[in-house]
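# Architecture at a glance
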Amino acid sequence: MGAENPVIYVDADACPVKPEILKVAERHGVKTVFVANSGLRPSRDPMIVNVVVSASFDAADDWIADAVKPGDIVVTADVPLAGRCVEAGAHVTGPTGRIFDQTSIGMATAMRDLGQHLRESGAIKGYNPSFSQRDRSAFLETLDRLLRRAMSERSR
């Protein structure tokens, strides 16, 4: 018998790809944990776990960072959380399919910090681009690929 399957952890409060995550998780038969500060839609599926944390700042991030194990999958748009999870050995993707790993997390952190500085100084407005069908498709492809890789690594 091989190692236990990876778990998908989702920073769920503003996650636009929950249906896609459920589709991929069900196809591969892996446990998925949605972590949020507010209510989540209940599921009868025993492979879906909802965790509601306190409303304190970074409570969901801290819960995920404490729970994630090497080879698990994390879905988040939060760059600091992505960095913590990459450091823990997880496979991390954003909802647009952007992969955060050892080679990209430093630049992602620097760009986030620069953007925050420019917004705070008034040099730029804080608008995020709208979420597109192309983003959704890229995410589906990325999540499926990361999950296959994680399952392959665990079966060795």
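Throughout what follows, the structure given in this document is the object of discussion. As the structure is a computational prediction, the values presented were derived from the model and not from experiment.

## A look at the packing of aromatic side chains
In this description, a pair of aromatic rings is defined by centroid distance and the angle of the planes. Evaluated as defined, the whole model comprises one aromatic pair. Consider the rings of Y9 and W63, whose centres lie 6.2 Å apart with planes at 55°: the pair is tilted. In this pair, Y9 is assigned in strand β1 (residues 8–11) and W63 in helix α2 (residues 59–67), connecting sequence segments 54 residues apart. Taking the relative accessible area as the measure of exposure, Y9 reaches 9% and is therefore buried. Classification of W63 by relative accessible area gives partly exposed; the value is 32%.

## Quick look at the nonpolar core
Soluble globular proteins tend to pack their nonpolar side chains together in the buried interior. Within the largest apolar cluster, 21 residues are counted, with the highest numbers of intra-cluster contacts made by Y9, V35, I64, V74, C85 and V92. Of all elements in the fold, only β2 (32–36), α2 and α3 (79–87) reach the threshold of two or more residues within this core. The residues contacting Y9, other than those within four sequence positions of it, are V33, W63, I64, A67, V68, D72, I73, V74 and V75. Listed in part, the 20 residues of the second largest apolar core include I8, C15, F34 and I48.

## Examining the sheet that holds β2
Pairing is mixed in the open sheet, where six strands are placed in the order β3-β2-β1-β4-β5-β6. Since the sheet does not close on itself, it has two edges, and those belong to β3 (48–52) and β6 (99–100), each with one partner. Across two bridges, strand β5 (residues 91–93) lies against β6 in antiparallel orientation. Opposite V92, over in β6, you have F100 as the bridge partner. Packed onto the sheet, α2 meets β1, β2, β3 and β4 (73–75) and runs at close to 165° relative to β1. Packed onto the sheet, helix α5 (residues 133–155) meets β1, β4, β5 and β6 and runs at close to 175° relative to β5.

Here is what the cut-offs are and how they apply
Along each chain, residue indices are assigned from 1 in the same order as the chain's sequence is written. The predicted nature of this model means local features are confined to residues of pLDDT at least 70 and side-chain atom pairs, given and counted, to a pLDDT of 80 or more, with totals for whole chains, interfaces and linings taken over all residues. For side-chain calculations, the full set of non-hydrogen atoms in the structure is used, while hydrogens and water are omitted. Any two rings among Phe, Tyr and Trp, with Trp reduced to its six-membered ring, count as a pair given centres within 6.5 Å; such a pair is stacked if its planes are under 30 degrees apart, edge-to-face if over 60, and tilted if neither. Strands here are runs of E lasting at least two residues and helices are runs of H or I lasting at least four, both read from the DSSP assignment and numbered beginning at the N terminus. For the exposure calls, accessible area comes from a 1.4 Å probe over protein chains only, and a residue counts as buried if that area is under 20% of its type's maximum, exposed if over 50%, partly exposed in between. Each nonpolar core is a collection of buried residues, namely Ala, Val, Leu, Ile, Met, Phe, Trp, Tyr and Cys, held together in the definition by side-chain atoms within 4.5 Å. Two residues form a contact once any of their heavy atoms are found within 4.5 Å. A pair of strands is treated as paired once DSSP finds two or more bridges between them. Lines fitted to the C-alpha atoms define the axes, with helices restricted to the stretch that makes contact. Angles between their N-to-C directions range from 0 to 180 degrees.

Interpretation note: all reported values are geometric properties and have no functional meaning in isolation.
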